[in-house]
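# Structural overview for review
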Amino acid sequence: MFLTNLKNKLARRMGNALMLCFIIVTSMISVSASAQDATGAKTGTISDVDAKIGAVLDTLSTATDTTVAGVSSSVNKLAATVATIGNTEGHSKIAINIMWTLVCAFLVMFMQAGFAAVESGFTRKKNVAHTMVMNFLIYAIGLIGFWISGFAIMFGGALNNGLLGGMAGVVPHEITISLFGHDFGIAGSAGYFLSSKYYDVGIFTLFLFQMVFMDTTATIPTGSMAERWTLKSFIIYGFFISMFVYPVYGNWVWGGGWLAMLGANFGLGHGHVDFAGSSVVHLVGGVAALAGAIVIGPRIGKYEKDGTVNTIPGHNIPMAIIGTFILAFGWFGFNAGSTLSGNDFRLAVVAVNTLLAGGAAALSATAYSMLKNGGKIDPGYVVNGLLAGLVAITAPCAFVTSLSAVIIGLIAGILVIVAYNFVDQKLKIDDPVGAFAVHGVNGAWGVLALGLFADGTYGDGWNTIAGNVTGLFYGDSKQFIAQIIGTLSCIIFVFPVMYYFFKLLNKIVPLRSTPEEELAGLDIPETGVHGYVD
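Summarised in this report is the structure supplied together with it. (Residues numbered from 1 in each chain as written. Predicted model: local features only at pLDDT ≥ 70, side-chain atom pairs only at ≥ 80, totals over all residues. Heavy atoms only, no water.)

### A short note on the overall build of the protein chain
Scanning the protein chain from N- to C-terminus turns up 17 helices and two strands. Counting only contacts in the protein chain whose residues sit at least 6 apart along the sequence, the fraction spanning at least 24 positions is 77%. (Helix = DSSP H or I, 4+ residues; strand = E, 2+ residues; numbered from the N terminus. Contact = heavy atoms within 4.5 Å.)

Structure (structure tokens):
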């Protein structure tokens, strides 16, 4: 009986493995995809310079009116010449956009090193190899998960981005449900495995840029669950959030889903607007981090039975500060890159606002630290203050003035400390690096701040709505309502999904290391090597 059951289990597993291999191989088989542009040679035409002129020239170049001798031929030649010049300019315009987007994606990718340094610095020496491995592995896990299904779910209904060439031969598809007389997009369903139907330079550019954003989200819980998370369960988590959770909410906001269409369907401003990811990236990651920290429980020695809260200091403050500088540098790619266009000069405003909000938040956190700590400046407060300001400005960076960016940052620098202390001391939730306070609380503040401070000078056509994005303080209360709906939707969706996912996963593969391993340090039990050799 035992051998029979064993054979059956092996047969089922082999069958599943073969089916997975079959899916992967068939997705890569070349099919007729002449409409796609895998080389970029046909990407960018005169229509990308001016669509109306392009249409007129197409008509003139084939004109056959011969009522005046020689006129038709001359018009054809002139139109062809102008079209050639225009196509060259259009090609150059899209080339600039693609190059800008890719370079910014490379900057965001380097932020992974920043997260690894910050989290390792703020945790203990005995776990440094384990913490570093988590931050390294999530990059590889996340990108493969996003390639398999995450990208398709998130952007399958919005693949034809005009800034990256339009991808004219690519057919998108969005899964929708009809309610209250309107279609609600809930998930894309095109682009799995980046198969040959999506073999296009514009698609691949969009994939790379969005993949590194997703990886930021997936990294955030490694901070809140640090120093007690088993790598086996961590790997499963990495695939789950990159393949399903992050892409679903991302679709609702950036993929043409129902939150993006709140403006078109219900007249709520431009729908839920998030320029570079305060909600899509940071709030999703922060809420997931909170759910994970609750399920996994506090580190041994963090809380006493009498309610005393013990501080567990990190082992390397310089490492954490250097990591923060790396993150701040990469954030320019995060925010300014979200124009997806090197031809959109608003990127200068985005970059400066990003700079100002981060600096203002660091200063307000410094002042708060001095006030609460007898004039002493806590490096942890300052670091998390800067990061909180960057998180908060990520959504509104393209839509606000420099003064508003400073105000948003000042509030973020205080908010992160208040939120961290509340979670740590009142709720007794152990978050070693303050991931929820930085990314969750200030992700929410960022999207709400957009609904307050957007000054109506940018965003015409955003989510198909004519006119610029305008917040409550500049006359549009409906935009603020859309921001509230988007924020609450994220929390209501992400928290229960991640909470019960961690609960279920813990029954299959234990989330937490054994007490003995935790006390000794996870480097040897989980990785087999010491992070430092004395």
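### Focus: the pattern of salt bridges
The tally for this structure, following the rule as stated, stands at five salt bridges. When the shortest N-O distance is used, the salt bridge between Arg-299 and Asp-430 registers 2.8 Å. Highlighted residues: Arg-299 in the loop between helix H9 (278-296) and helix H10 (317-336) and Asp-430 in the loop between helix H13 (402-426) and helix H14 (435-453), separated in sequence by 131 residues. In this structure, Arg-299 and Asp-430 share a single accessibility class: buried. Salt-bridge contacts for Glu-518 lead to Arg-512; the nearest nitrogen and oxygen are separated by 2.9 Å. (Salt bridge = Lys/Arg side-chain N within 4 Å of Asp/Glu carboxyl O. Buried < 20%, exposed > 50% of the residue type's maximum accessible area, 1.4 Å probe, protein only.)

### Structural notes on helix H5 (residues 201-219)
The end-to-end C-alpha distance of H5 is 27 Å, a good match for the 27 Å that 19 residues give at a rise of 1.5 Å each. With 17 of its 19 residues buried, H5 lies for the most part within the structure. The residue sitting at the N-terminus of H5 and contributing the capping side-chain oxygen is Asp-200; that oxygen lies 2.8 Å from the backbone nitrogen of Gly-202. (Expected span 1.5 Å × (residues − 1). Polar contact = N/O pair within 3.5 Å; in protein donor to acceptor, adjacent residues only side chain to side chain.)

### Description of unusual backbone geometry
Positive phi is not limited to glycine here, since Phe-180 has a value of about 55 degrees. Relative to the assigned elements, Phe-180 resides in the loop between strand S1 (174-179) and strand S2 (182-188).

### Considerations on a nonpolar patch on the surface
Together, Ile-177, Leu-179, Phe-180 and Phe-266 make up an exposed nonpolar region whose accessible area comes to about 410 Å². In this structure, Ile-177 sits in strand S1. (Patch = residues over 30% accessible without salt bridge, like charges linked within 9 Å, V, L, I, M, F, W, Y side chains within 5 Å. Areas by Shrake-Rupley, 256 points an atom, 1.4 Å probe, with all protein chains shown as cover.)

### Here's the deal with the pairing of S2
Here S1 pairs with S2 via six bridges, running antiparallel. Across the sheet, the residue bridging to Thr-176 is Gly-185, located in S2. The antiparallel pairing of S1 with S2 creates a hairpin that spans two residues between the two strands, and Phe-180 there sits at a positive phi of about 55 degrees. (Pairing = 2+ DSSP bridges.)

### Examining the packing of aromatic side chains
Inspection of the entire model under this criterion finds 31 aromatic pairs. Taken together, Trp-229, Phe-234, Tyr-237, Phe-240, Phe-244, Phe-501 and Phe-502 form an aromatic cluster joined through their ring pairs. (Phe/Tyr/Trp six-rings, centres within 6.5 Å; stacked < 30°, edge-to-face > 60°.)

### Concerning the packing of helix H12 (residues 379-393) against H14
It is the contact of H12 with H14, at a shortest axis distance of 8 Å, that shows an interaxial angle of 40 degrees. In this view, H12 runs oblique relative to H14, as classed from their interaxial angle. In the crossing of H12 with H14, the sense of the turn from one axis to the other is right-handed. For the pair H12 and H14, contact is made by Asn-384, Leu-387, Ala-388, Val-391 and Ala-392 and by Val-438, His-439, Asn-442, Gly-443, Trp-445 and Gly-446, respectively. Looking at side-chain class alone, the contact of H12 with H14 contains six nonpolar, five polar and no charged residues. (Axes fitted to C-alpha atoms, helices over the stretch in contact; angles between N-to-C directions. Parallel < 35°, antiparallel > 145°, perpendicular 65-115°, else oblique. Left-handed = near helix turned anticlockwise from the far one by under 90°. Nonpolar A, V, L, I, M, F, W, Y, C, P; charged D, E, K, R; others polar.)

### Re the environment of Phe-110
Tracing the backbone through its elements, the reader meets Phe-110 in helix H3 (residues 71-121). By relative accessible area, which is 42% here, Phe-110 ends up partly exposed. Along the backbone, Phe-110 and Val-212 are 102 residues apart, and their C-alpha atoms lie at a distance of 9.2 Å.

### Topic: the packing of helix H7 (residues 231-254) against H9
Between H7 and H9, the least distance of the axes is 10 Å, while the angle of their chain directions is 135 degrees. What the angle tells us is that H7 and H9 run oblique. As H7 runs across H9, the sense of the crossing is right-handed. Contact with H7, carried on its side by Ile-241, Tyr-246, Tyr-249, Gly-250, Val-253 and Trp-254, involves Ser-279, Val-280, Val-281, Val-284 and Ala-288 of H9 and no other residues of that element.

### Re the environment of Pro-510
Tracing the backbone shows Pro-510 in the loop between helix H15 (477-508) and helix H16 (515-520). The class for Pro-510 is partly exposed, based on a relative accessible area of 49%. Considered as a pair, Pro-510 and Lys-232 are 278 residues apart in the sequence and their alpha carbons are 8.3 Å apart. Excluding residues that lie within four positions of it along the chain, Pro-510 makes contacts with Thr-230, Ser-233 and Leu-505.

### Some remarks on the environment of Met-243
Here Met-243 lies in helix H7. A relative accessible area of 13% places Met-243 in the buried class. Residues Met-243 and Met-154, spaced 89 residues apart in sequence, show a C-alpha to C-alpha distance of 9.4 Å. Aside from chain neighbours lying at most four places away, what touches Met-243 is Gly-145, Ile-148, Ser-149, Gly-150 and Ile-153.

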